[in-house]
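Each chain is listed here by its residues.
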Amino acid sequence: MRLSSIFLAALAAASPVAVSAQACVGPATPRTTRLVVEATDLRNANGEVAFTVYPDSRSRFLAKGGKLLRARVPARAPVTRACFHLPPGSYAVAQYHDANRDHDFNRTLIAPSEGFGFSNDAPTSIGLPSLSAARFALPAGGRTLRMRMRYRR
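Here the structure is a predicted model, which means the values were calculated and not measured.

Participant: Would you take a moment to explain the nonpolar core for this structure?
Facilitator: Grouped burial of nonpolar side chains is what soluble globular proteins tend to show. Counting 21 residues, the largest nonpolar core has L35, V37, F51, F84, L86 and V93 as its most contacted members. Secondary-structure elements contributing two or more residues to this core are β1 (33-40), β2 (48-55), β3 (69-74), β4 (80-86), β5 (89-98), β7 (136-138) and β8 (143-148). Not counting chain neighbours up to four residues away, the residues in contact with L86 comprise R31, T32, T33, L35, V53, L68, L69, Y91 and L138. Grouped together as the second largest cluster of nonpolar side chains are 11 residues, F61, A92, Y96 and A134 included.

Structure (structure tokens):
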């Protein structure tokens, strides 16, 4: 392999991976737009990252059965991406690093044992964030939302 081919292959591997239209969750229609979510600061590439989109509803935010859409994607450190097709509007997103792929957000008695985060990097010093802290607008032109993955231990 020539040196220029090796350089181009290395450059391609280091470049951010675009989320393809086929990878998006939800129907692509003239009434929907694209939301790309990015979990940043992952410790490792073990397991998967679960991204859950909630409607702008206090009664549904973080409630069992309250989700609008969910994507589970293989973890890629330091950034993992997913894509959703949604109508423009207001939403909130929760994410967690399911390192053991058990489809459960694992906790100890006092703290989460897996990484987690929320849209707007909503604070969670004690308890869960409020919907107002995690709410964001999805405009008709779409957007990319970055959320820092936080680990308690």
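Having seen the model, we can carry on.
Participant: Help me understand the layout of surface pockets, please; the structure alone is not making it clear to me.
Facilitator: Gaps between atoms show up when a probe of the same size as a water molecule is rolled over them. In this model, the largest pocket occupies a volume close to 750 Å³. What lines the largest pocket is a set of 29 residues, and nearest its centre among them are L62, F105, R107, F118 and L128. Elements that contribute at least two residues to the lining of the largest pocket include exactly β2, β3, β5 and β6 (116-118). Across the lining of the largest pocket, the residue classes break down as 14 nonpolar, 8 polar and 7 charged.

Cut-offs used in this document
Residues numbered from 1 in each chain as written. Predicted model: local features only at pLDDT ≥ 70, side-chain atom pairs only at ≥ 80, totals over all residues. Heavy atoms only, no water. Core = buried A, V, L, I, M, F, W, Y, C linked by side-chain atoms within 4.5 Å. Buried < 20%, exposed > 50% of the residue type's maximum accessible area, 1.4 Å probe, protein only. Helix = DSSP H or I, 4+ residues; strand = E, 2+ residues; numbered from the N terminus. Contact = heavy atoms within 4.5 Å. 1 Å grid on protein atoms, 1.4 Å probe; cavity = no way out; pocket = protein on both sides within 12 Å on 5 of 7 lines; lining within 4 Å. Points joined across faces, edges and corners; volume = space filled by probe spheres on them. Nonpolar A, V, L, I, M, F, W, Y, C, P; charged D, E, K, R; others polar.

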